[in-house]
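Structure at a glance
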Amino acid sequence: MTSLLIRGGTIVRPTGDERADILMNEGIIGEIFVRTTGPQKLLAADQTIEANGQLLFPGFIDCHVHFREPGLEQKGTMETESQSAIAGGVTTVCEMPNTNPPTVSIAALREKVRIAEGISTCDIRFFFGVTQSENLQELRRLWTEQEYSSLRDRCCGVKLYIDHSTGNQKAAKGVVEEAFRVCAELKIPLVVHCEDPVLNARAAKLNMHTEIAAHSLIRAPESEQRAITSAIESAKETGAQLHIAHLSTKRGLELVGQAKKDGLPITCEVAPHHLFLSTEDYETLGTLGKINPPLRTPDHCEALWAGIESGTIDCVASDHAPHTFEEKQVMPALTAPSGVPGVETMIPLLLTVAAGRWPHPRRRSFQPKLMYADIRRLCFDRPNEIFALKRPMIESAAKANLALVEPEAEWEIHGADLHSKCGWTPYEGWKITGKATVVGGW
Ligand code: DOR
Ligand code: ZN
């Protein structure tokens, strides 16, 4: 097939919707014929997609995923998790460093890039992890030496864990400040997992409960709040471009909002599980609902939706973190690994809200306001800018990399139908309105 015509779809653009016919040749967008009221140009191609009533987005970006390779292939591989991404309309992902070995050296990054080169369906970028001072020396070489320029192009930033999570990547004492300084100097986006190790350790020590809901008490909202306060302070001192990962609390959101008002280059993302699930879901999910940061009470979910509406939240990113079903069932409950899969369900869940529905089968709706243009901003434009990914827009001469959305398509989420190797989902049986299909290569 050499040419493809997408006829009559509506391109969702930041500047407004545009109904158009798009002609592509050999995977490149040729011309875009915007529909006017006048007579339509008759176009022909080897293949035609009739897209009346459908929406066109650039292939979506998920700027926070864990694809588990190398070393944790029982949970997922770049191949299986990329299939999951594509099936959910996502064609670009930014992958986290807590693999085995972790991505804390040029050699480890090179190995990941080598594996990713064998995957033609999805553009995988990688975060560089920093746990020790040596890692920052490697980072400096990666960023400044000519021989690494193509490797550097695949690296979207630095990821820093303030406390332990899966993979035990907590930055050593003193390294946090140094990481801020180096990232500021080299102008590298710095993504921080904000949970305070002292508060978490103290709460874990005092904890007497064994049930899974205690996870939300041990890693309490104050812990995130304290870590965000300190990260913002470090960003202010050093001038680093700070991005807060999976923001999950009301107060955290206020702190980011204030920092933005103060003119600091601070951005944040929120994960679908913090928008759609709450502590009330432990009852049905059990250990499947264990994540870091943990599920919060519904008032936090509501605040996060308000943060999307106000524009304080820059991105929605899945924090796709597959573990096998067996691993998640381990007892005692509080020792189960943290993390849920989500790269394939993120866009469908958001499309459902944009269609005016609420997908949670039990919990009351917050009736959040979300437009299709918001989904484009949250899952394409903002991550594309923040991490300088240079992913193509829908324009003439750009690579054809689109997500075609049927906004009224109704279906149900079932773990067995999803493509992640882990085979389960925290959204089992949820009713979805909206289906995204990828058109073109990346
Ligand atoms: O819940 C989580 N899972 N939070 C993290 O920080 C890591 C992730 C994982 O890799 O499993
Ligand atoms: Zn993560």
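Okay, so let's go over this structure. (Residues numbered from 1 in each chain as written. Chains lettered and ligands numbered in written order. Predicted model: local features only at pLDDT ≥ 70, side-chain atom pairs only at ≥ 80, totals over all residues. Heavy atoms only, no water.)

Describing the sheet that holds strand β11 (residues 242-244)
Note the threshold: For two strands to be treated as a pair, DSSP must find at least two bridges joining them. Numbering of helices and strands runs from the N terminus, with a helix taken as a DSSP run of H or I at least four residues long and a strand as a DSSP run of E at least two residues long. Should any heavy atoms of two residues lie within 4.5 Å, those residues are counted as being in contact. Angles here are taken between N-to-C directions and fall from 0 to 180 degrees, while the axes themselves are lines fitted to C-alpha atoms, restricted in helices to the stretch in contact.
One open sheet holds the eight strands; their spatial order is β6-β7-β8-β9-β10-β11-β12-β13, and the pairing between them is parallel. Pairing within the sheet leaves two strands with one partner each, and these edge strands are β6 (60-65) and β13 (315-316). Sheet topology note: the β11/strand β12 (residues 266-270) ladder contains three bridges and is parallel. Bridge assignment links I244 to a residue of β12, and that residue is C268. Sitting on the sheet, helix α2 (residues 106-117) is in contact with β7 (90-95), β8 (123-129) and β9 (155-161), with an inclination near 170° to β8.

Description of the site of ligand 1
Where we set the bar: For each residue, the test is whether any non-hydrogen atom lies within 4 Å of the molecule or strand; if one does, the residue is near. What qualifies as a polar contact is a pair of N or O atoms within 3.5 Å, subject to a donor-acceptor requirement within protein and to the restriction that residues adjacent in sequence count only when both atoms come from side chains. Computed with a 1.4 Å probe, the accessible areas rest on the Shrake-Rupley method; for each residue, only the protein chains presented here act as cover. Put simply, Ala, Val, Leu, Ile, Met, Phe, Trp, Tyr, Cys and Pro go in the nonpolar bin, Asp, Glu, Lys and Arg in the charged bin, and everything else, Gly too, in the polar bin.
Ligand 1 sits among 13 residues. The nearest are R68, N98, S165, T166 and N292. Note that an oxygen atom of ligand 1 is positioned 3.0 Å from one of the backbone N or O atoms of S338. Residue G339 places a main-chain N or O atom 3.3 Å away from an oxygen atom belonging to ligand 1. If ligand 1 stood free it would expose 290 Å²; the protein chains cover 99% of that surface. Tallied by class, the residues present in the shell around ligand 1 amount to three nonpolar, nine polar and one charged.

Notes on the coordination of the zinc ion (ligand 2)
Quick note on the threshold: Only nitrogen, oxygen and sulfur atoms qualify as donors, provided they sit within 2.8 Å of the metal or within 3.2 Å for Na, K and Ca; with water excluded from the atoms, sites may seem incomplete. Exposed residues in this analysis have more than 50% of their type's maximum accessible area, buried residues have under 20%, and partly exposed residues fall in between, with area computed by a 1.4 Å probe over protein chains only.
Taken together, H64 (NE2), H66 (NE2) and D319 (OD) make up the protein donors of the zinc ion (ligand 2), found 2.1 to 2.2 Å from the metal. Sequence spacing of the donor residues for the zinc ion (ligand 2), all on one chain, is H-x1-H-x252-D. The pair formed by H64 and H66 is uniform in burial state, with each residue classed as buried.

What to know about the pairing of β7
Convention followed: When the strands point away from the viewer and the connection leading from the first strand across the helix to the second strand turns clockwise, the crossover is called right-handed.
Within β7, six of the six residues are buried, which leaves the element mostly enclosed by the surrounding structure. Of the strand pairs in this sheet, β6 and β7 are connected by four bridges, and their pairing is parallel. Paired with F60 across the bridge in β7 is V90. Between the parallel pair β6 and β7, the chain is carried across by helix α1 (residues 78-87), and the sense of this crossover is right-handed.

Topic: the packing of aromatic side chains
Filter applied, for reference: We call Phe, Tyr and Trp rings a pair once their centres come within 6.5 Å, taking the six-membered ring for Trp, and we label the pair stacked below 30 degrees between planes, edge-to-face above 60, and tilted otherwise.
For the structure shown, the criterion picks out seven aromatic pairs. Consider the rings of F57 and F60, whose centres lie 4.9 Å apart with planes at 45°: the pair is tilted. Accessibility classification places F57 together with F60 in one group, the buried group. On the basis of an interplanar angle of 85° and a centroid distance of 5.5 Å, the ring pair of F127 and F387 is categorised as edge-to-face. One end of the pair, F127, is in strand β8; the other, F387, is in the loop between α15 (372-386) and β14 (402-412), with 260 residues separating them in the sequence. The two residues F127 and F387 agree in class, both being buried. Grouping aromatic residues by their ring pairs yields a cluster made of F276, W305, W358, Y427 and W430.

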